[in-house]
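Now for the letters of each chain:
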Amino acid sequence: MMDKICYMSDGTIYTQPHDEQLENDINKVLCLNGKLDRNGNRIADTSTEIVRGRREAYRWCRNFLSELNRKNKCTSAIVKKMMDEIKNAEERKEYAGVILFYLNKKYNQLVKQGV
């Protein structure tokens, strides 16, 4: 199930491939994307501002990798090492899932490029 979870840059969780039951659990049962209107637009974050936290983790990761890229140090080996460090940490930091999701996307892109 967790393999289906994806994150948008605005902090929204969705499933890929689309899973109607899981989307229902995310949005209506657990309200992990905050309070949504009838059209699915967010009108309020969760009480713990989890959507904002995911959004900030996504931005941090994107900016970090952009900086590595600017320094010509963004390689699949470096990204893999980062992912392994997060996965093997005794205690994962907040929003590790968002960071791993983003790093995994970047890793796959770099592998395809042969970098």
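Description of the structure in this document.

Rules behind the numbers
- Counting restarts for each chain, with residues numbered from 1 along the sequence as it is written.
- For a predicted model such as this one, the threshold for reporting local features is a pLDDT of at least 70, and the threshold for listing and counting side-chain atom pairs is 80 or more; totals across whole chains, interfaces and linings nevertheless cover every residue.
- Side-chain metrics in this entry use all non-hydrogen atoms of the structure; hydrogen atoms and water are not considered.
- For our purposes a nonpolar core is just a set of buried Ala, Val, Leu, Ile, Met, Phe, Trp, Tyr and Cys residues, chained together by side-chain atoms within 4.5 Å.
- Categorising residues by exposure relies on relative accessible area from a 1.4 Å probe, with only protein chains included: less than 20% of the type maximum marks a residue as buried, more than 50% marks it as exposed, and the intermediate range marks it as partly exposed.
- Counting from the N terminus, the helices are the DSSP runs of H or I reaching at least four residues and the strands are the DSSP runs of E reaching at least two.
- Contacts: residue pairs with any heavy atoms within 4.5 Å of one another.
- Working rule for helices: expected span equals 1.5 Å times residues minus one.
- Only the six-membered ring of Trp is used, alongside the rings of Phe and Tyr, when aromatic pairs are assigned; centres must lie within 6.5 Å, and planes under 30 degrees apart are stacked while those over 60 apart are edge-to-face, with the rest tilted.

### Details of the nonpolar core
Residues Tyr 7, Leu 65 and Leu 103 are the most contacted members of the largest nonpolar core, which totals 24 residues. For this core, the secondary-structure elements that each account for two or more residues are strand S1 (5–7), helix H1 (20–29), helix H2 (50–70), helix H3 (76–88) and helix H4 (96–113). Of all the elements, H4 adds the most residues to this core, at 8 residues. If we ignore the near neighbours within four places in the chain, the residues touching Tyr 7 are Thr 12, Ile 13, Tyr 14, Arg 54, Tyr 58, Gly 97, Val 98 and Phe 101.

### Notes on H2
Here H2 is 21 residues long and its end C-alpha atoms lie 30 Å apart, about the 30 Å a rise of 1.5 Å per residue gives. Those residues of H2 that fall on the buried side of the exposure criterion are Val 51, Gly 53, Arg 54, Ala 57, Tyr 58, Cys 61, Leu 65 and Leu 68. On its buried side, H2 packs onto S1, strand S2 (13–15), strand S4 (42–44), H3 and H4. Positioned one or two residues after H2, Asn 72 has a phi angle of 55°, which is positive.

### A few points about the packing of aromatic side chains
Taken as a whole and assessed by the stated rule, the structure comprises 3 aromatic pairs. When the centroid spacing of 5.6 Å and the interplanar angle of 65° are considered together, the rings of Tyr 7 and Phe 101 count as edge-to-face. Of this pair, Tyr 7 sits in strand S1 while Phe 101 sits in helix H4, placing them 94 residues apart in sequence. Relative accessible area serves as the criterion here: at 12%, Tyr 7 is assigned to the buried category. Taking the relative accessible area as the measure of exposure, Phe 101 reaches 14% and is therefore buried. When the ring of Tyr 58 is compared with that of Tyr 102, the centres are 4.8 Å apart and the planes differ by 80°; the resulting orientation is edge-to-face.

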